[in-house]
Amino acid sequence: MNPYKVCILAAGRGERMGEYTSLTHKALLPLGKKAILSKIIELLPQASEYVIAVGKNSDLIENYVELAHKQQNVKVVKVQKHQGKGSGPGRSLWECRNHLFDQGFVCVCADTLWSPEESLFFTKDWIGVQPVPATSASRFCVVRGHDYVTNFIDKTPQPETETVDAFVGAFFISDPARFFVKEPLVEVKGEVQLSALLEPYNQQTPLVKKTIPSWFDVGTKENYEIAKNAINQNEKVEFSKRDE
């Protein structure tokens, strides 16, 4: 059996994508000749199972993976609380817990991409980060600490320093039984963030900060268009998450 599973969080409404998500799911938008979802699956080493959390347009994801990824073991989980107060990525991951309990898992948000040369396989529990200007801290989950995480600060202005480490939307958990102990209820701006699960786990099992310099976010209309145009022209895409 492969040493871990992969959970892809795709239950967001895709509001930052504008008209692109009026007819389809944001994870199915094309980059080159493949959907974003397929790009993510292909960037990761082969896993024993792929668990995909979905909300809006869940049938589109189910139909797509049945056709495009029938060789992989894919479980689509329909998130019950996928919109409104109390929803959010932390809630989506919690609702996938029954499919992740038996082995370690990598969790990736459906708008997170990185270079094929960047391996996300690591033996220790880790969380992906990338330095961003401190003036942008209120748009991110800031990850404090040097080699290991000391604490998380979600979408809060930070003191004027040169840079802060932003969470890129990818991490690895080796012990799901200790991770899914308590239902995440803490909200930040009306949403349950991933930090609501990561913070208590980190207190028991310190997370290594893994810098992912090639990270880029395709969750906004502007960034998606940049990525799409660059891939069509066979150019390297280099940008971080610019806006929320």
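Our subject is the structure listed above.
The paragraphs below set out a description of the structure included in this document. Small disclaimer: the values here were computed from a predicted structure and weren't measured.

Moving on, we get to the overall build of the chain. Along the backbone of the chain there are six helices and 15 strands. Taking all 244 residues of the chain together, 53% fall into the buried category. Within the chain, counting contacts between residues at least 6 apart in sequence, those at least 24 apart form 76% of the total. Within the structure as shown, the chain displays about 11500 Å² of accessible surface, and the carbon and sulfur contribution to it stands at 49%.

This part covers the packing of aromatic side chains. Throughout the structure, instances matching the rule amount to ten aromatic pairs. Judged by centre distance (5.8 Å) and plane angle (70 degrees), the ring pair of phenylalanine 105 and phenylalanine 179 falls under edge-to-face. With phenylalanine 105 in strand E6 (residues 105-109) and phenylalanine 179 in helix H4 (residues 176-179), this residue pair connects regions lying 74 residues apart in the sequence. Judged by its relative accessible area of 0%, phenylalanine 105 is buried.

Where side chains of opposite charge bring their charged atoms close, a pairing between them can arise. Counted by the stated rule, this structure contains ten salt bridges. Linking lysine 5 and glutamate 49 is a salt bridge whose minimum nitrogen-to-oxygen distance equals 3.3 Å. Of this pair, lysine 5 sits in strand E1 (residues 5-10) while glutamate 49 sits in the loop between helix H1 (36-43) and strand E4 (50-54), placing them 44 residues apart in sequence. Accessibility assignment for this pair places lysine 5 and glutamate 49 in one class, buried. One salt bridge connects aspartate 111 with lysine 26, and the closest N-O pair in it is separated by 3.9 Å. Of this pair, aspartate 111 sits in the loop between E6 and strand E7 (112-113) while lysine 26 sits in the loop between E1 and strand E2 (30-31); the two residues are 85 residues apart in sequence, bridging distant segments of the chain. Each member of the pair, aspartate 111 as well as lysine 26, carries the same accessibility label: buried.

With that settled, consider the pairing of strand E5 (residues 74-78). Sheet topology note: the E4/E5 ladder contains five bridges and is parallel. Among the inter-strand pairings, valine 54 is bridged to a residue of E5, identified as lysine 78. Crossover E4 to E5 through helix H2 (residues 58-68) is right-handed.

Turning our attention to unusual backbone geometry. A positive phi is found at lysine 155, a non-glycine position, where the angle reads about 50 degrees. A positive phi angle is found at lysine 189, which is not glycine, with a value near 55 degrees. Of note, lysine 189 is situated in the loop between strand E12 (187-188) and strand E13 (191-192). Under the relative-accessibility criterion, lysine 189 is labelled exposed at 65%.

With that settled, consider the environment of valine 106. Tracing the backbone shows valine 106 in strand E6. As for valine 106 and tyrosine 50, which are separated by 56 residues in sequence, their C-alpha atoms are 9.6 Å apart. Setting aside its immediate chain neighbours within four residues, valine 106 contacts Tyr4, Lys5, Val6, Cys7, Leu44, Phe171 and Phe172.

Across a regular strand the side chains alternate sides, sitting on one face of the sheet and then on the other. Among the five residues of E6, five are classified as buried, and the element is accordingly described as predominantly covered. Side chains Phe105, Cys107 and Cys109 of E6 all project onto a buried face; the interleaved residues Val106 and Val108 project onto the opposite face, where all are buried too. Note: E1 against E6, five bridges, orientation parallel. The partner of cysteine 7 across the bridge, within E6, is cysteine 107.

So, how was this worked out
- Residues numbered from 1 in each chain as written.
- Predicted model: local features only at pLDDT ≥ 70, side-chain atom pairs only at ≥ 80, totals over all residues.
- Heavy atoms only, no water.
- Helix = DSSP H or I, 4+ residues; strand = E, 2+ residues; numbered from the N terminus.
- Buried < 20%, exposed > 50% of the residue type's maximum accessible area, 1.4 Å probe, protein only.
- Contact = heavy atoms within 4.5 Å.
- Areas by Shrake-Rupley, 256 points an atom, 1.4 Å probe, with all protein chains shown as cover.
- Phe/Tyr/Trp six-rings, centres within 6.5 Å; stacked < 30°, edge-to-face > 60°.
- Salt bridge = Lys/Arg side-chain N within 4 Å of Asp/Glu carboxyl O.
- Pairing = 2+ DSSP bridges.
- Right-handed = clockwise from strand over helix to strand, strands pointing away.

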